[in-house]
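Here are the chains, one letter per residue:
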Amino acid sequence: TALPTDEHGDYNGSDLIEWINSHPEGYVHPSLRIGRRIPGDSSSIIGTFVSSAPGAKPIEKDEVIATIPWDRMIGPGDEYSPTTFGSCQAIRNLASELKLGDNSQYAPYVRYLLTQSIEAMPGEWSKAGQMFLRQITADGELPPLDADWFEAAEYKNVWLNACRGSDDSIERLAYYLTSNRDEDTLMIPIYDMMNHSNDPDKLNTLSYKPNKVGDSFVFKASRRINPSEEIFNCYNRCHACSTHFREECETYSFRGTPDIFAHYGFVEEIPHYWWFDRNEGHQVTEIEFCLEKIAATGELSVSWINSTPGDHDKAFFVKHLERLKQIESNKEGLEGQLVQPDNENATSQEKMSRLEWEACWKYHNALITAIDAAIVSLNRIRRGNATAKLIVHDEYDIGDEL
Ligand SMILES: C[S@@+](CC[C@H](N)C(=O)[O-])C[C@H]1O[C@@H](n2cnc3c(N)ncnc32)[C@H](O)[C@@H]1O
């Protein structure tokens, strides 16, 4: 069955909205629009917006954006608990529904999910793409340090080994869809159409997951959202840099900018949360900082978490900044060597797709920006031109995400 589209030919989720609203407990705010950021531009991502159609109203602070009833979500069934963060049963149930396709009781949702491709997930990248990322991160000296994600080891460990899943294309899709779109153990239509932001000026929702089997999932506006504004969720809500959300934390996440890249395949916009582990012999020094953009000047600002780095840490940053710039100086040569030419259809593990190439460079640039800002901050502190901005978290400040 073809997906419903808007006047630009983009998916508009009208089937999903109708399906949720047709349930006695279901509700979708009439001003919600599903569509592309730039309507009609197929390279622009799909997300959720407040409609700018004539007569469409803003969504006011605390208004419910959507209520998704229990039996419109795909999850672990009776095994559900709000404090469980991963479930083989949930992935299995999703795979079964995907296999049923149009015959699934979740057909409007399943039809959209089946259009999703997993090629942007680093775990699904070609060998060449994964090797290039290894080069950028100096074989694990820079984050994300854990190679599991980009070598698909996580897929093998979790799905094939722990869950005893099969390696067929639908089960693989189910695994990556849960890693990319679920909220703990639930796949939630409409909610999972929201894109991510950590920017306090953009982030505009709060969500409330079911307390028990049978309850609905609700998400609300955390401030007034005006027509044409995008509606955002935060995928790593309440991490070490998001102090302004602390009082609103229902769940916590330790994921920073490198983890968002590893798990979703995109580089988030600033503000960022960066962490580095500097290895010296057997000793590991953790270096963490928040990177923000000062709205008035556009200047980058670094706040160090727990402690200000010392000379060895600065030398580590300087070394990697030079190394990253060195890689960039050979960008053209690398492109010829590593990227699948557009006119060649045959895919090979020795070449990477253009999508992987571009994602690698976005991450490379983000690393350069962050490391450069870190060095600037340390130089200023050293020269006495600035006092270090320090954020200190006590051990019990941050909760667990399993
Ligand atoms: C939960 S889905 C969000 C809806 C998704 N855009 C869609 O088309 O259905 C998560 C995926 O959306 C994309 N995404 C979300 N936030 C993004 C952002 N800020 N920048 C770029 N891509 C983003 C990434 O591909 C991510 O893996």
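That block above? That's the structure.
Quick summary incoming for the structure in this document. None of the values given here were measured: they were computed from a predicted structure.

Reading the values: rules and limits
- Residues numbered from 1 in each chain as written.
- Predicted model: local features only at pLDDT ≥ 70, side-chain atom pairs only at ≥ 80, totals over all residues.
- Heavy atoms only, no water.
- Pairing = 2+ DSSP bridges.
- Helix = DSSP H or I, 4+ residues; strand = E, 2+ residues; numbered from the N terminus.
- Expected span 1.5 Å × (residues − 1).
- Buried < 20%, exposed > 50% of the residue type's maximum accessible area, 1.4 Å probe, protein only.
- Polar contact = N/O pair within 3.5 Å; in protein donor to acceptor, adjacent residues only side chain to side chain.
- Contact = heavy atoms within 4.5 Å.
- Arc of directions from axis to C-beta.
- Phe/Tyr/Trp six-rings, centres within 6.5 Å; stacked < 30°, edge-to-face > 60°.
- Disulfide = S-S within 2.5 Å.

Some points on the sheet that holds strand β2 (residues 32-36)
Now for step 1: An order of β2-β3-β8-β5 is seen for the four strands of this open sheet, with the pairing classed as mixed. The sheet is open, and its two edges are formed by β2 and β5 (195-196), each paired on a single side.
Now for step 2: In this structure, strand β3 (residues 46-50) lies alongside strand β8 (residues 230-233), joined through two bridges in antiparallel fashion. Along β8, the bridge assignment pairs T48 with I231.

Focus on helix α10 (residues 354-383)
Now for step 1: With 30 residues, α10 should reach 44 Å at 1.5 Å per residue; the first-to-last C-alpha distance of 43 Å fits that figure.
Now for step 2: Positive backbone phi, approximately 80 degrees, marks G384, located one or two places after α10.

Let's talk about the side chain of T205
Now for step 1: If you trace the backbone, T205 turns up in strand β6 (residues 205-208).
Now for step 2: Look at T205 and you get buried, because its relative accessible area is 2%.
Now for step 3: A polar contact is formed between the side chain of T205 and the backbone oxygen of F232, at a distance of 2.6 Å.
Now for step 4: Aside from chain neighbours lying at most four places away, what touches T205 is I65, M194, K220, A221, S222, I231, F232, N233 and R237.

Focus: helix α5 (residues 153-162)
Now for step 1: Of all the positions in α5, only A153, Y155 and W159 are classed as buried. When α5 is viewed along its axis, its buried side chains cluster within an angular range of 165 degrees and face the same direction.
Now for step 2: Those residues of α5 hidden inside the fold are in contact with α2 (88-100) and α6 (169-181).
Now for step 3: Of the residues trailing α5, R164 is marked for its positive phi of about 55 degrees.

Comments concerning the environment of V28
Now for step 1: Structurally, V28 is set in strand β1 (residues 27-28).
Now for step 2: Here the alpha-carbon distance between V28 and M73, two residues 45 residues apart in the chain, equals 14 Å.
Now for step 3: V28 has contacts with I17, I20, N21, I65, A66 and I190, leaving out every residue within four places of it along the chain.

Things to note about the packing of aromatic side chains
Here the distance between the centres and the angle between the planes together describe a pair of aromatic rings.
Now for step 1: Within this structure, the stated rule accounts for 24 aromatic pairs.
Now for step 2: On the numbers, 5.7 Å between centres and 55 degrees between planes, the contact of F132 with W361 is tilted. Placement of the pair is F132 in helix α4 (residues 127-136) and W361 in helix α10, with a sequence separation of 229 residues.
Now for step 3: Of the residues examined, F132 reaches a relative accessible area of 1% and is grouped as buried.
Now for step 4: Measuring from centroid to centroid gives 6.4 Å for F276 and F316, while their planes differ by 80 degrees, and the two rings are edge-to-face.

Points about the state of the cysteines
Now for step 1: This structure, assessed with the given rule, holds two disulfides.
Now for step 2: Two residues, C88 and C163, share a disulfide whose sulfurs are 2.0 Å apart. On the S-S bond that ties C88 to C163, the torsion sits near -75 degrees, and the link is left-handed. Residue C88 is located in helix α2, and its partner C163 is located in the loop between α5 and α6; the two are separated by 75 residues in the primary sequence.
Now for step 3: Relative accessible area serves as the criterion here: at 23%, C88 is assigned to the partly exposed category.
Now for step 4: Overall, the relative accessible area of 5% leaves C163 in the buried class.
Now for step 5: What pairs with C241 in a disulfide is C290, and their sulfur atoms sit 2.1 Å apart. Across the S-S bond of C241 and C290 the torsion is about -95 degrees, and the bridge reads as left-handed. In this pair, C241 is assigned in the loop between β8 and α7 (257-264) and C290 in strand β10 (residues 283-293), connecting sequence segments 49 residues apart.
Now for step 6: Note on C241: relative accessible area 12%, which makes it buried.
Now for step 7: Given a relative accessible area of 4%, C290 falls into the buried group.

By themselves these figures say nothing about function.
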